[in-house]
Protein chains: 2
Amino acid sequence: MGITIRDVAAKCGLSISTVSKVFNNYTDISEETRTLVLRTAQNIGYYPSSIASALKTNRSYNLGVLFQAESHSGVTHSFFSLVLDALKTTAEALGYDITFINHNIRNSMTYLEHCRYRNVDGIALVCANFYSPEVIELVESEIPCVIIDHIFEGKTCILSENFSDMQKLTQYAIECGHKKIAFVKGEQTSVTTARLSGFRETMQKNRLAVPNEYIIESRYDNPEEGVHAFKHLATLPDRPTCIIMPDDNTALGALQAAAEMQLRVPQDISICGYDGIRLGQLVRPRLTTIRQDTRTMGELAAEKLIKRIERISTCDEGVFYVPGQLIPGESVGALK
Amino acid sequence: MGITIRDVAAKCGLSISTVSKVFNNYTDISEETRTLVLRTAQNIGYYPSSIASALKTNRSYNLGVLFQAESHSGVTHSFFSLVLDALKTTAEALGYDITFINHNIRNSMTYLEHCRYRNVDGIALVCANFYSPEVIELVESEIPCVIIDHIFEGKTCILSENFSDMQKLTQYAIECGHKKIAFVKGEQTSVTTARLSGFRETMQKNRLAVPNEYIIESRYDNPEEGVHAFKHLATLPDRPTCIIMPDDNTALGALQAAAEMQLRVPQDISICGYDGIRLGQLVRPRLTTIRQDTRTMGELAAEKLIKRIERISTCDEGVFYVPGQLIPGESVGALK
DNA sequence: TATGTAAACTAAAACGATTTCGTCATATAT
DNA sequence: ATATATGACGAAATCGTTTTAGTTTACATA
């Protein structure tokens, strides 16, 4: 079928060992031979097959990525997509391709089976249900892995500084004069818990009460849920003056709901987002939000994982926090 | 290292040939042996390695995907991401994984080299610069390929019905009473050309003039560009009453620009989008737009490509059009 | 001249599967 | 009883590389 190392060797009058060595940067090859081989390879369109090489070396230069966007939610999950993008770019620069891990393949294998099937060198959990047995089995396997936005005991984890970032955001709202601040939670995860703690602690530090009815449950990245949550809070007998939404997409929903209810933002009510998506700075009022450093998170994840795979250093385990940035925006301000 | 077919064979007291045959559904295996092998494999955690299998069969069950989102534009490219998602899901259901083709790997290989390196069975061009030599080289190689949203002579192509969809959209605007309609073009591609033709033809059919200054160039999926284009058109001495934007993201920019200019939509000016992204139906006024059937496009692409790879049928070449759907929305209406 | 050394190259055994022929019972047909 | 067919399994070559342990040649040294 294709052109193999054999063809190059034949054309050069060399053994396949020599050709292989050229492509693997062995030093016991003369400069002439090296250029000859490289040139001939180029000429006849040869490129070493990663498959054969992987079989021999047991290294696929492939990273498994678990990216369980609850598909077809329609909204491309802004935060995770951006992290994934950075991770992918960094991995590629280091010579690794990405394979999405799923259980759709063939006779529906498990995540771990899929990883073994594809011989991935490592796995990145970008967006997953960390409580499902299948994911746990994967994390606890012998395959090196890195986890984004969740803490797994003893594993390499990359997280936003959710706690202190939320402190910043809450403090900002308070400094804008708000005392009655509501908090809309996303799905129950360790991230949600960290953010809620940051919120609670800051409120307490400022001696501000948080009635139970000001903490409600909703979902991440679902504008419709944002509409819903906002309307619920805005029609409370004792309406909060500021609402912290789970993220920017829900905050956009909230903004919309406010408009429908003839409430001006921020004159009548303030709204905070989280994530720092682009669109949030395009709408009016611009969202007050925390911009998560998705780029750094993705890069870090790829680097740590690959270093572990290549055993370059041993200080790549543990939890790494990436700070976010407060974007003041315009959706939080003093009451009229 | 890992568990191989040898381990299963040993444990079962069978030859590796027999074990292999079980996994490949050969018929000359007794039912008892089959279940024995399967059960033992399960027990010791064996899964056949795609790498070894690929080396022997020359089939990687991997599809290369060219997805050249001009990265870091920030806006995840809604249309292409959704197509990609459908393509990926369909491919996975048929037993294929996805590998992104790029030239970042190692010593920067070309797209074609990357494909050979990974032994992909076929390639899908989802989002690419079709005029670059590298892409052309790829398309003209012997690897089966399918192209989305562009026509490549003699290749399998999947496109939206841009021409007639734009006719629908334009006709709708006209029926709302508009006579002065402007058209903002995205980057110059065959898709852009088809849409512009659909627009022009419909205008002509309705005996409506299109001044040159009503056709302007902009870019796809860039809200800021949308703001820019809108402001330009809205400050024209003879301002159009309706503006057709390249897509929903730019239309959202236009909506924002209108608000800034104190123009009510659609009372003062009408705006059309294209794509049918979710957010477009969440903002007020809801966008009048064409919803492209990304799901069908992605599915079709995967199916056609895989059928070609597996040589199931021969009628998978040529151009396939997928109709879009007019979403009336609220951003187009009669003038005040 | 004999010996040691270094540079440049090669032979051949893997890696983990697939697949083509065989082989060897046993069952059926003649 | 002999020939043939069938069912169930195995031997071994092979896919395209990598890598170890040579081999060969040239040259320097004793």
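Structural notes, computed from the coordinates. (Residues numbered from 1 in each chain as written. Chains lettered and ligands numbered in written order. Predicted model: local features only at pLDDT ≥ 70, side-chain atom pairs only at ≥ 80, totals over all residues. Heavy atoms only, no water.)

Around DNA strand C, the structure places 28 residues, and the nearest of them are Thr18(A), Thr33(A), Lys56(A), Ile5(B) and Ser20(B). Taking all atoms of DNA strand C within 4 Å of the protein, the share assigned to sugar and phosphate is 57%. Contact between DNA strand C and Ser15(A): a phosphate oxygen at 2.8 Å from a side-chain N or O atom of the residue. Residue Tyr26(B) places a side-chain N or O atom 3.2 Å away from a phosphate oxygen belonging to DNA strand C. Elements that contribute at least two residues to the surface near DNA strand C include exactly helix 2 (16–23) and helix 4 (50–57) of chain A together with helix 1 (5–12), helix 2 (16–23) and helix 4 (50–57) of chain B. Of the residues belonging to the surface near DNA strand C, the class tally is 10 nonpolar, 13 polar and five charged. (Near = heavy atom within 4 Å. Polar contact = N/O pair within 3.5 Å; in protein donor to acceptor, adjacent residues only side chain to side chain. Helix = DSSP H or I, 4+ residues; strand = E, 2+ residues; numbered from the N terminus. Nonpolar A, V, L, I, M, F, W, Y, C, P; charged D, E, K, R; others polar.)

Before going further, it helps to spend a moment on the sheet that holds strand 6 (residues 181–185) of chain A. Residue and element names in this part refer to chain A. Judged by pairing direction, the sheet is parallel, and its four strands sit side by side in the order 7-6-8-9 without closing on themselves. Each edge of the open sheet is held by one strand with a lone partner, namely strand 7 (215–217) and strand 9 (270–272). Averaged over all neighbouring strand pairs, the angle between strand axes comes to 20°, with direction disregarded. Pairing analysis gives three bridges linking strand 6 to strand 8 (residues 242–244), with the strands arranged parallel. By the bridge assignment for strand 8, Ala 182 is matched with Ile 243. (Pairing = 2+ DSSP bridges. Axes fitted to C-alpha atoms, helices over the stretch in contact; angles between N-to-C directions.)

Regions of empty space are outlined by a rolling probe, equal in size to a water molecule, passed over the atoms. Using the criterion set out here, one finds three cavities of 30 Å³ or more in the structure. Taken as a whole, the largest cavity holds about 140 Å³ of empty space. In this structure, the largest cavity is lined by 13 residues; those nearest its centre are Ile51(A), Asn62(A), Ile51(B), Asn62(B) and Arg118(B). Secondary structure elements with two or more residues in the lining of the largest cavity: helix 4 of chain A together with helix 4 of chain B. Considered as a void within the structure, the second largest cavity measures approximately 50 Å³ in volume. In terms of lining, the second largest cavity is formed by Met166(A), Phe183(A), Val184(A), Lys185(A), Gly186(A), Thr192(A), Arg195(A), Tyr220(A), Met245(A) and Pro246(A). Of all the elements in the fold, those that place two or more residues in the lining of the second largest cavity are strand 6 and helix 9 (190–205) of chain A. (1 Å grid on protein atoms, 1.4 Å probe; cavity = no way out; pocket = protein on both sides within 12 Å on 5 of 7 lines; lining within 4 Å. Points joined across faces, edges and corners; volume = space filled by probe spheres on them.)

This next bit is on the packing of helix 1 (residues 5–12) of chain A against helix 2 of chain A. All names here are of chain A. One can describe the packing of helix 1 onto helix 2 by two numbers: an axis separation of 8 Å at closest approach and a directional angle of 110°. The pairing of helix 1 with helix 2 is recorded here as roughly perpendicular in orientation. Touching Ile 5, Arg 6, Val 8 and Ala 9 of helix 1 are Ile 16, Val 19 and Ser 20, all from helix 2. Looking at the contact of helix 1 with helix 2 residue by residue, the class counts come to five nonpolar, one polar and one charged. (Parallel < 35°, antiparallel > 145°, perpendicular 65-115°, else oblique. Contact = heavy atoms within 4.5 Å.)

Let's shift gears to the pattern of salt bridges. Enumeration according to the criterion identifies 34 salt bridges over all chains in this entry. Note that Glu224(B) is salt-bridged to Arg278(A), the shortest N-O span being 3.1 Å. Here the residue Glu224(B) occupies a position in helix 10 (residues 223–234), and Arg278(A) occupies one in the loop between strand 9 and strand 10 (289–291), the pair thus bridging two chains. Given a relative accessible area of 40%, Glu224(B) falls into the partly exposed group. By relative accessible area, which is 26% here, Arg278(A) ends up partly exposed. Through salt bridges with shared partners, a single ionic network connects Arg59(A), Asp121(A) and Glu310(A). (Salt bridge = Lys/Arg side-chain N within 4 Å of Asp/Glu carboxyl O. Buried < 20%, exposed > 50% of the residue type's maximum accessible area, 1.4 Å probe, protein only.)

A few words on the packing of aromatic side chains. All chains considered together, the criterion is met by 15 aromatic pairs over all chains. Seen from their ring centres, Phe67(A) and Phe100(A) are 6.5 Å apart, and the 55° between their planes marks the pair as tilted. Of this pair, Phe67(A) sits in strand 1 (residues 62–67) while Phe100(A) is found in strand 2 (residues 97–100), placing the two residues 33 residues apart along the sequence. A residue is classified by how much of its surface remains accessible, and Phe67(A), at 18% relative accessible area, is buried. What links up through ring pairs into an aromatic cluster is the set Phe67(A), Phe100(A), Phe67(B) and Phe100(B). When the ring centre of Tyr274(A) is taken as origin, the NZ or CZ atom of Arg195(A), which lies over that ring, is 3.7 Å away. (Phe/Tyr/Trp six-rings, centres within 6.5 Å; stacked < 30°, edge-to-face > 60°. Lys NZ or Arg CZ within 6 Å of the ring centre and 35° of its normal.)

Moving on to the relation of the copies chain A and chain B. For the match of chain A to chain B, the screw axis carries a shift of 0.0 Å, the RMSD comes to 0.0 Å, and the turn is 180°. Taken together, the rotation and translation relating the two chain copies correspond to the operation of a two-fold axis. Comparing contact sets, 100% of the residues at the interface of chain A also lie at the interface in chain B, consistent with an isologous, same-surface contact. (Least-squares fit on C-alpha atoms with pLDDT ≥ 70 in both.)

Next up on the list: the interface of chain A and chain B. Opposite the 61 residues of chain A that make contact, chain B presents 61 residues. Area buried by chain A at its contact with chain B is led by Tyr47(A), Ile51(A) and Arg278(A), which between them contribute 15% of it. The tally of links between chain A and chain B comes to six salt bridges. Taken together, chain A and chain B are joined by 16 residue pairs in polar contact (both at pLDDT 80 or more). Of all the secondary structure elements, the ones that give two or more residues to the side of chain A that touches chain B are helix 4, helix 5 (78–93), strand 2, helix 6 (111–118), helix 10 (223–234) and helix 11 (248–260) of chain A. Counting residues per element, the side of chain A that touches chain B draws most heavily on helix 5 of chain A, which supplies seven residues. A breakdown of the residues in the side of chain A that touches chain B according to their chemical character gives 24 nonpolar, 24 polar and 13 charged. (Buried area = accessible area lost by both parts, 1.4 Å probe.)

If you check the shell around DNA strand D, you find 29 residues, and the closest are Ser20(A), Thr18(B), Lys21(B), Thr33(B) and Lys56(B). A share of 59% is what sugar and phosphate atoms reach among the atoms of DNA strand D within 4 Å of the protein. Within the backbone of Ser15(B), an N or O atom sits 2.9 Å from a phosphate oxygen of DNA strand D. Note that a base nitrogen of DNA strand D is positioned 2.8 Å from one of the side-chain N or O atoms of Asp28(B). Those elements that place two or more of their residues in the surface near DNA strand D are helix 1, helix 2 and helix 4 of chain A together with helix 2 and helix 4 of chain B. The element best represented in the surface near DNA strand D is helix 4 of chain A, accounting for five residues. Per-class residue counts for the surface near DNA strand D are 10 nonpolar, 13 polar and six charged.

A few words now on helix 4 of chain A. Residues that lie three or four places apart on an α-helix share one face, since the helix turns once every 3.6 residues. Taken residue by residue, helix 4 of chain A has Ser50(A), Ile51(A) and Ala54(A) as its buried positions. One side of helix 4 of chain A holds all its buried residues, which, seen down the axis, span an arc of 100°. For helix 4 of chain A, the elements touching its buried residues are helix 4 and helix 6 (111–118) of chain B. The backbone nitrogen of Ile51(A) lies 3.1 Å from a side-chain oxygen of the residue at the head of helix 4 of chain A, namely Ser49(A). Backbone geometry just downstream of helix 4 of chain A places Asn58(A) in the positive-phi region, at approximately 65°. (Arc of directions from axis to C-beta.)

Residue and element names in this part refer to chain A. A sheet is described by the order of its strands in space; here six strands give the open sequence 2-1-3-4-5-11, paired in parallel fashion. Lying at the two open borders of the sheet, with one neighbouring strand each, are strand 2 and strand 11 (319–322). Taken over all neighbouring pairs, the strand axes of this sheet differ in orientation by 20° on average, direction set aside. Judged from the five bridges that link them, strand 1 and strand 3 (residues 122–127) form a sheet pairing that is parallel. For Phe 67, the partnering residue across the bridge sits in strand 3 and is Cys 127. Each of strand 1, strand 2, strand 3 and strand 4 (145–148) is contacted by helix 5, which is oriented at about 180° to strand 1, the strand it contacts most. Docked against the sheet, helix 12 (residues 294–309) engages strand 1, strand 3, strand 4, strand 5 (156–160) and strand 11, running at close to 170° with respect to strand 5.

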